[in-house]
Amino acid sequence: MVDSPALLTAMSDINLHQELLEQGLSKPELSRLVRSGGLVRMRRGAYVEPLPSGSSAATAHRVLLTAALRQVCYQSVASHVSAAVVHGLPTWTDQLERVHLTRDRSGGGKHRRDLQVHGVPLSPDQVITVGGIRVTGLARTVLDLACWGPLERGVAVGDAALRLGLRDRDLAAAVETGARRHGIARARCTAELVDRRSESPGESVSRVRFWRWGLPAPTLQLDVRDRSGAFVARCDFAWEQCGTIGEFDGKVKYGAFLKPGQTAQQAVMAEKRREDRLRDLGWQVVRWTWADLANRAELVSRLQAAFRRGSDLSADGG
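Residues numbered from 1 in each chain as written. Predicted model: local features only at pLDDT ≥ 70, side-chain atom pairs only at ≥ 80, totals over all residues. Heavy atoms only, no water.

1. Thoughts on the overall build of the protein
Right, on to step 1. Of the regular secondary structure elements, the protein holds 13 helices and 13 strands.
Right, on to step 2. Considered along the principal axes of its C-alpha atoms, the protein spans approximately 80 × 50 × 35 Å.
Right, on to step 3. Counting over 318 residues, the protein shows a buried share of 48%.
Right, on to step 4. Of the contacts formed within the protein by residues at least 6 apart in sequence, a portion of 60% connects residues at least 24 apart.
Right, on to step 5. Of the accessible surface of the protein, which amounts to about 16,400 Å², a share of 51% is contributed by carbon and sulfur atoms. (Helix = DSSP H or I, 4+ residues; strand = E, 2+ residues; numbered from the N terminus. Buried < 20%, exposed > 50% of the residue type's maximum accessible area, 1.4 Å probe, protein only. Contact = heavy atoms within 4.5 Å. Areas by Shrake-Rupley, 256 points an atom, 1.4 Å probe, with all protein chains shown as cover.)

2. Some details on helix α8 (residues 168-177)
Helical geometry note: an α-helix holds 3.6 residues per turn, so side chains three or four residues apart project in the same direction.
Right, on to step 1. Of the positions making up α8, those classed as buried are Leu171, Ala174 and Val175. Each buried residue of α8 sits inside an arc of 100° when the element is viewed along its axis, so together they form one side. Residues of α8 that are exposed and angled more than 90 degrees away from the buried face: Arg169, Glu176 and Thr177.
Right, on to step 2. Tucked inside the fold, the buried residues of α8 contact α6 (138-148) and α9 (184-193). (Arc of directions from axis to C-beta.)

3. So, the pattern of salt bridges
Right, on to step 1. Counting across every chain of the model gives 23 salt bridges.
Right, on to step 2. Asp226 is the partner of Arg277 in a salt bridge, and the nearest nitrogen-oxygen pair spans 4.0 Å. Residue Arg277 is found in helix α11 (residues 264-280), and its partner Asp226 is found in the loop between β10 (219-225) and β11 (231-239); the two are separated by 51 residues along the sequence.
Right, on to step 3. Exposure remark for Arg277: the relative accessible area of 39% places this residue in the partly exposed category.
Right, on to step 4. The salt bridge partner of Lys272 is Asp276, with a shortest N-O separation of 3.3 Å. (Salt bridge = Lys/Arg side-chain N within 4 Å of Asp/Glu carboxyl O.)

4. Concerning the packing of aromatic side chains
Right, on to step 1. Taken as a whole and assessed by the stated rule, the structure comprises eight aromatic pairs.
Right, on to step 2. Residues Phe210 and Trp288 carry aromatic rings whose centres are separated by 5.3 Å and whose planes lie at 80° to one another, so their mutual orientation is edge-to-face. Here Trp288 lies in strand β13 (residues 284-288) and Phe210 lies in helix α10 (residues 201-212), a separation of 78 residues in the sequence.
Right, on to step 3. Using a relative accessible area of 0% as the deciding quantity, one classes Trp288 as buried.
Right, on to step 4. Ring-pair connections join several aromatic residues into one group, and the members of that group are Phe210, Trp213, Phe237, Trp239, Trp288 and Phe307. (Phe/Tyr/Trp six-rings, centres within 6.5 Å; stacked < 30°, edge-to-face > 60°.)

5. Remarks on the confidence of the model for the protein
Right, on to step 1. With 90% of its residues at a pLDDT of 70 or more, the protein has an overall mean of 89.
Right, on to step 2. The low-confidence segment residues 1-12 (pLDDT under 50) makes 25 contacts with residues lying over four places distant or belonging to another chain. (pLDDT = per-residue confidence, 0-100.)

6. Remarks on the pairing of strand β12 (residues 244-248)
Right, on to step 1. Of all the five residues making up β12, five are buried; the element is thus mostly covered by neighbouring parts of the structure.
Right, on to step 2. Burial along β12 is two-sided: Thr244, Gly246 and Phe248 facing one way and Ile245 and Glu247 facing the other are all buried.
Right, on to step 3. In the sheet, β11 pairs with β12 via three bridges, with the strands oriented antiparallel. Note on β12: the bridge partner recorded for Trp239 is Thr244.
Right, on to step 4. Two successive antiparallel strands, β11 and β12, enclose a turn made up of four residues, where Gly243 displays a positive phi of approximately 60°. (Pairing = 2+ DSSP bridges.)

7. Examining the sheet that holds strand β3 (residues 46-48)
Right, on to step 1. Reading across from one edge, β1-β3-β2 is the order of the three strands in this open sheet, with antiparallel pairing throughout. Sheet topology places β1 (15-16) and β2 (40-43) at the edges, where each strand pairs with a single neighbour.
Right, on to step 2. Sheet topology note: the β2/β3 ladder contains three bridges and is antiparallel. In the sheet register, Val40 faces β3, and the bridge partner there is Val48.
Right, on to step 3. Contacting β1, β2 and β3, helix α4 (residues 57-71) crosses the sheet at an angle of about 65° to β2. (Axes fitted to C-alpha atoms, helices over the stretch in contact; angles between N-to-C directions.)

In structure tokens, the structure reads:
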């Protein structure tokens, strides 16, 4: 069991089976509490009070992580998607059912329903403490996920890590240390593609898809101004030579980042006026969603049609 005082303090909301018995609960009483919903069994031998309604999958994963860390040896370090959750990096819900830990050794990993332990060399300078949890640092976390998962997701994590302060040279150094790891070629590609200017996972995944599909490289976060120099819009993607603006439509644009007192409907109308101003300036505007990214032929066709229209207008002096 973990015996670090800092970790025990951080994980005090996790109740282990033996602790509950020592507090006076009998086994039948514990079973009744679980059946009634008074306690939730996170994993074998670890219980927690019910999470607030509407808690995210990442929140539930963090609770599962703290439960697992209370039951394993202190040398285990949160890594991979579990480290991403601790750092606040992007995750996908299909990754969050299993806690990932790393121990500094070669081989000897374990794979269980709710826990995967990786036996991989891990140097002390690749481990930090966040909120009382020993976790791989940003560079090592990006490396692990880039080696382990799809390129698009690795780039999304890398982009976010750069926005949190990870330096390009530190990521490059981490990739160099993993030269013999399975998946290192994908990690090297990730390190070449990351860009802190991508502001959301959807933008990151879009950028990688466009690269895979052979589309021209866009300018990111272009500030568009009118003919008098007044600011009009900051755009996710711009193919200036083709007179085309690209915008990834994520839910947050009309939800999480509403201005004070602004409704979702008002935000949609403001976005429509913004797009009208861009079109008035001669820009083609193409918008897409997560669903569109799964349909290569249709999205590429829409973008290429916009490129042709924008190029024709530029040639005509529009």
